[in-house]
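# A closer look at the structure
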Amino acid sequence: MVTLSLVADLSGNYDIRRFPAVSKGKAGYAEAETWAQAVGFGFHESTRTPEHRERSLATYEVDGRIFTGAYQTGPVAPSSLPAEVPVATFGTFRKTLNIGFGRMLEAQLVTAVTVRTSHRRRGLLRRMMTEDLQGAKDDGIAVAALTASEGSIYGRFGYGVASLERSVKVDTTARFKLAHQATGTIDVADPKVLLDVAPAVFNRVHRNTPGSIGRQDWYRQLASGSLGRDGKEDPAIKVALHYAADGGVDGYVSYKFLGWETEPYTVEVVDLVAATDHAYLELWEYLAAIDLVERVSWNEAPVDDPLAWALVDPRCIDASDSRDMLWLRLLDVPAALAARHYQADGKLVLAVGDNLGLTGGTFALNIDGGQAGVERVPDETAADLELDVSALSSIYLGGVCPVTLKAAGKIREAAQGAALKAKQMFAVERATHCLTHF
Ligand SMILES: CC(=O)SCCNC(=O)CCNC(=O)[C@H](O)C(C)(C)COP(=O)(O)OP(=O)(O)OC[C@H]1O[C@@H](n2cnc3c(N)ncnc32)[C@H](O)[C@@H]1OP(=O)(O)O
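What you see is a predicted model, and the numbers here were worked out from it, not measured in a lab.

## As for helix α4 (residues 194-208)
Under the 1.5 Å per step criterion, the end-to-end length of α4 is 20 Å for 15 residues, consistent within 8% with the ideal 21 Å. Along α4, the positions that sit buried rather than exposed are Leu194, Ala198, Val201, Phe202, Val205 and His206. Summarising the axial view, the buried residues of α4 lie within an arc of 150°, below the 170-degree limit, and thus occupy one face. If you follow the buried residues of α4, they end up packed against β3 (88-98), α5 (218-223), β9 (238-243), β10 (249-257) and β11 (266-274).

## Some points on the sheet that holds strand β7 (residues 164-171)
Overall, mixed pairing links the seven strands, which are arranged β8-β9-β10-β11-β12-β7-β13 in an open sheet. Since the sheet does not close on itself, it has two edges, and those belong to β8 (185-189) and β13 (317-324), each with one partner. Taking each pair of neighbouring strands and ignoring which way they run, the sheet shows an average axis angle of 25°. α4 contacts β9, β10 and β11 of the sheet and is inclined by roughly 120° relative to β10.

## So, the UniProt feature "binding site: acetyl-CoA" (unreviewed entry) in the chain
According to UniProt, the feature "binding site: acetyl-CoA" (unreviewed entry) maps to Val113, Thr114, Val115, Arg121, Arg122, Gly123, Leu124, Leu125, Arg126, Ser149 and Glu150 in the numbering used here. For Arg126, the location among the structural elements is in helix α3 (residues 124-138). By the element assignment, Ser149 lies in the loop between β5 (143-146) and β6 (160-161).

## Comments concerning the site of the ligand
Residues in contact with the ligand amount to 21 residues; listed here are only the nearest, Val113, Arg120, Leu125, Arg126 and Ser149. Tallying contributions element by element places strand β4 (residues 104-115) first for the shell around the ligand, with six residues.

## Details of the sheet that holds β3
The seven strands lie next to each other as β1-β2-β3-β4-β5-β14-β6, forming an open sheet whose pairing is mixed. Single-partner strands in this sheet number two, and they are β1 (14-20) and β6. Judged from the 10 bridges that link them, β3 and β4 form a sheet pairing that is antiparallel. What sits directly across from Thr89, in β4, is Thr114.

## A few points about the domain arrangement of the chain
Here the chain is described as being made up of domain 1 (4-141), domain 2 (165-324) and domain 3 (327-426). Taking the mean C-alpha position of each, domain 2 and domain 3 sit 35 Å from one another.

Rules of the game
- Residues numbered from 1 in each chain as written.
- Predicted model: local features only at pLDDT ≥ 70, side-chain atom pairs only at ≥ 80, totals over all residues.
- Helix = DSSP H or I, 4+ residues; strand = E, 2+ residues; numbered from the N terminus.
- Expected span 1.5 Å × (residues − 1).
- Buried ≥ 20, exposed ≤ 12 C-beta atoms within 10 Å, placed from the backbone.
- Arc of directions from axis to C-beta.
- Contact = placed C-beta atoms within 7 Å.
- Pairing = 2+ DSSP bridges.
- Axes fitted to C-alpha atoms, helices over the stretch in contact; angles between N-to-C directions.
- UniProt positions renumbered as here; feature names shortened; annotations may be inferred.
- Near = placed C-beta within 6 Å.
- Domains from an automatic or database assignment.

Below, the structure is given as structure tokens:
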């Protein structure tokens with residue numbers, strides 16, 4: 001790590017600029033392209049080719065992304081990158097978040113956060129984040145979300161882990177047997193059909209799955225092999241579709257064989273999206289049936305996975321790596337609480353801390369017939385639970401247990417049993433899982 005004395009000290013002043021992502025041929029393309037290059041640098045990517053930049057920016061435009069960049073206003077170090085290259089980047093776009101029982105809330109999605117090494121630890125991330133969260137709140141957005149490169153950065157801004165995922169390696173030799181009676185059928189398709197089919201199937205999953213975030217345009221391109229992570233077509237992609245009994249497609253898997261050098265011979269799942277429980281298990285049966293392959297790996301598998309329970313031998317799944325996935329940040333506690341449906345009636349008074357001053361306070365949550373009434377009450381009111389907004393954000397989607405957060409010291413239980421009551425109230429109809437990385 002470099003110390004501050006070794007980095008250019010010409011850059012104490014920055015101009016923060018925001019502009020929309022645009023595709024080639026539109027005004028502002030050069031600025032957007034330079035911004036995207038800076039993001040690549042921040043994540044240690046090789047310099048993207050002009051074609052890769054063009055294709056990425058076309059998908060970002062579809063998403064309606066807003067790019068924020070920090071630009072040096074003072075003198076730039078001689079022969080260093082010019083002032084039009086941002087020293088810091090911060091991207092946002094808006095998609096719906098499934099908050100349980102099919103209810104949707106628009107979310108501010110934060111992505112592409114980078115600060116050039118020579119300008120780090122001068123408060124640029126803090127400045128961009130606090131300004132952006134305030135702006136989103138002013139627009140009436142009640143939650144922000146991100147997926148994090150490191151676990152230690154975002155808690156200080158009020159984000160809490162709200163969903164988990166894990167990497168699995170599944171033994172698909174003769175040992176793989178499911179206690180499941182197939183109801184649909186599967187067939188192989190030209191990967192390009194996913195350009196149309198994938199969004200329709202995903203939207204069904206999105207409506208059914210607490211914690212799901214609407215997908216950016218790139219996903220259908222990735223799943224169909226049209227635009228791989230390296231910016232090129234991916235000819236290795238294969239696709240199978242699942243058909244329900246009525247003949248409609250209700251699931252798909254996009255995958256690739258990792259080559260004869262990888263032993264045991266392995267297929268890697270690129271995207272597995274199933275709108276029904278049957279489709280999910282039957283797509284796994286298909287993957288396990290691929291000849292000459294002994295292992296299927298998937299890096300975005302749910303932690304609470306029906307596959308493990310459907311397998312005659314659950315030890316076919318080797319899953320050592322469970323990790324945080326979606327980080328959530330409530331921006332407007334009363335609006336977010338009122339938007340949810342609740343499984344158990346009751347009353348909880350929550351004293352919520354927020355060191356960014358966006359939405360702290362004491363709130364009385366009254367659930368009657370599953371519907372919430374939320375009222376801000378004086379701070380002196382006796383609270384049942386005292387917690388930071390990051391902890392409330394963690395339990396909001398029902399994917400993290402308040403009793404566990406109490407045990408960890410993240411929630412203080414002033415009224416005995418209140419954490420268990422919160423667990424029952426915030427419960428959702430099925431396991432929280434987010435299939436969208438952004
Ligand atoms: C949503 C996403 O895009 S995730 C991707 C995040 N980006 C990366 O990991 C790329 C590589 N890293 C970077 O570009 C930078 O180091 C960043 C963006 C993580 C931090 O940017 P900086 O401008 O240096 O952060 P800034 O100076 O504003 O620091 C803000 C606070 O975060 C802390 N912080 C910054 N980076 C880290 C880190 N990697 N780990 C722990 N704490 C950190 C600082 O100590 C500071 O704490 P404080 O204000 O509570 O005292």
